[in-house]
Amino acid sequence: MGVLKGEDEVVELCRDLIRIDSTNAGDNAGPGERAAAEYVAGKLAEVGLEPRILESDARRANVVARIEGTDPGRDALLVHGHLDVVPFNAADWTHHPLAGEVADGCVWGRGAVDMKDMDAMVLAVVRQRLREGRRPARDVVLVFTADEEAGGTYGAQYLTEKHPDVFEGCTEAIGEVGGFSVSIDEARRLYLIEAAEKGIAWMKLTATGRAGHGSMLNSDNAVTELAEAVGRLGRHEWPVRLTPTVRLFLEEASAALNVEFDAGDAEATVAKLGPLARMIGAVLRNTANPTMLSSGYKANVIPQTATAHVDGRFLPGYEEEFFATVDELLGPQVTREFVYHDIAVETSFDGPLVAAMAASLSAEDPGARAVPYTLSGGTDLKAFSRLGIRGFGFAPLRLPADLDFSGMFHGVDERVPVDSLKFGVRVLDRFLDLA
């Protein structure tokens with residue numbers, strides 16, 4: 001009987017992880033990641049590694065381990081994934097989000113694509129390679145984090161600030177939200193590798209006025225002032241700004257679609273991308289979406305203050321422009337403060353690591369073409385980049401052409417095809433040989 005292959009156990013690993021409730025409701029609420037961390041650490045220990053569980057708070061657990069490479073002179077590679085998932089309403093789902101059911105050729109459940117699928121693929125590949133005695137050329141640092149879905153305070157940020165020794169020698173990294181396919185036709189697929197992320201600015205806006213009786217004249221009404229400011233901000237048409245990664249993606253997509261790329265009308269190219277247009281369209285410009293409003297306590301009382309929350313995202317290189325525009329739109333009577341603020345990141349799409357990703361995809365899918373893209377959201381990469389680590393999103397999945405993959409993230413009926421998981425294991429195995 002031969003050595004158990006990663007392809008043969010990746011589905012069960014993914015199902016096991018989904019069944020562990022690691023819901024992150026923010027504000028340090030929820031069950032935490034400790035149970036998932038113990039599961040991952042156990043699977044790594046079974047094949048001879050010495051994983052450590054680093055707990056940042058009660059049950060907020062991270063797992064770290066290092067695989068020694070055969071060439072100690074090379075820089076290390078960081079492979080990272082997060083163990084937490086966003087909340088859900090089980091009544092809305094076809095299959096219970098914590099059941100990890102296999103149906104219609106897919107593994108269903110919260111975290112199936114964000115990102116217990118990648119966690120499972122990494123575990124499957126590492127376990128197979130170590131059972132077979134195959135070590136990579138460079139050291140590989142494995143990090144499974146807590147709290148990514150709420151900004152990484154108890155996860156990536158905690159590790160980089162309190163345990164920087166974990167990342168000794170790491171210069172490059174791969175993580176989530178990249179390496180997935182977008183079908184051009186039956187023979188050709190673009191594989192989108194994340195090379196950039198927008199920055200994050202979750203802001204609380206506050207207007208202060210003169211409190212008074214609702215029946216009287218009041219020219220200093222905080223609700224009016226805030227509502228007008230929020231309206232200006234929410235309706236603002238941000239200009240298109242083609243960053244290097246966005247431009248390269250649109251050039252590659254245009255060539256694949258056999259259409260001429262017009263930098264003056266980038267939205268025309270995006271419109272041809274089908275469901276992916278929602279994800280890519282959001283990285284043509286900065287965005288600022290009002291999400292919450294709050295004021296007052298009685299219908300006939302004019303309140304002294306009114307507040308709103310805004311989800312702002314800015315492109316790499318355009319943070320200063322973003323905040324200057326926000327302040328102009330808000331006006332002098334509305335102040336802003338950060339609920340959460342993090343950097344934008346971008347790296348060039350070149351070098352041996354990019355070549356290794358492209359080659360490993362092409363070896364498993366001759367119709368593959370690796371292209372860079374910018375993520376409108378954020379990942380743990382932001383924290384790791386502060387250590388000088390150059391990172392990419394590379395969780396390889398060959399997907400059915402009709403699957404709305406971007407809609408799976410934080411959505412109802414999140415699921416990942418079984419064949420895609422097995423494909424990812426094969427690609428990651430080749431990648432570790434080439435990286």
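Residues numbered from 1 in each chain as written. Predicted model: local features only at pLDDT ≥ 70, side-chain atom pairs only at ≥ 80, totals over all residues. Heavy atoms only, no water.

A. Highlighting the pairing of strand β7 (residues 170–175). Across the 6 residues of β7, 5 count as buried, placing the element largely inside the fold. Looking at chain direction, strand β3 (residues 76–82) and β7 are connected through 4 bridges and run parallel. Across the sheet, L78 pairs through a bridge with A173, a residue of β7. Where β7 and strand β18 (residues 390–393) come together, 4 bridges link them in parallel fashion. Paired with G175 across the two strands is G393, which belongs to β18. (Buried < 20%, exposed > 50% of the residue type's maximum accessible area, 1.4 Å probe, protein only. Helix = DSSP H or I, 4+ residues; strand = E, 2+ residues; numbered from the N terminus. Pairing = 2+ DSSP bridges.)

B. Geometry of the packing of aromatic side chains. A full pass over the atoms with the stated rule returns 12 aromatic pairs. Ring geometry for F314 and F323: centres 5.9 Å apart, planes at 55 degrees, overall tilted. Exposure remark for F314: the relative accessible area of 1% places this residue in the buried category. The class of F323 is buried, set by a relative accessible area of 10%. Taken together, a centroid distance of 5.5 Å and an interplanar angle of 75 degrees make the contact between F323 and F338 edge-to-face. With F323 in helix α9 (residues 319–330) and F338 in strand β15 (residues 334–342), this residue pair connects regions lying 15 residues apart in the sequence. (Phe/Tyr/Trp six-rings, centres within 6.5 Å; stacked < 30°, edge-to-face > 60°.)

C. Molecular detail of the layout of surface pockets. If you add up the space inside the largest pocket, you get close to 950 Å³. Considering the residues around the largest pocket, the lining is formed by 34 residues, among which R313, S376, G377, G378 and H410 are closest to the centre. Those elements giving two or more residues to the lining of the largest pocket turn out to be α4 (156–162), β10 (199–208), α8 (277–281), β12 (287–295), β14 (305–314), β15 and α11 (381–385). Classifying every residue of the lining of the largest pocket by side-chain character gives 11 nonpolar, 12 polar and 11 charged. (1 Å grid on protein atoms, 1.4 Å probe; cavity = no way out; pocket = protein on both sides within 12 Å on 5 of 7 lines; lining within 4 Å. Points joined across faces, edges and corners; volume = space filled by probe spheres on them. Nonpolar A, V, L, I, M, F, W, Y, C, P; charged D, E, K, R; others polar.)

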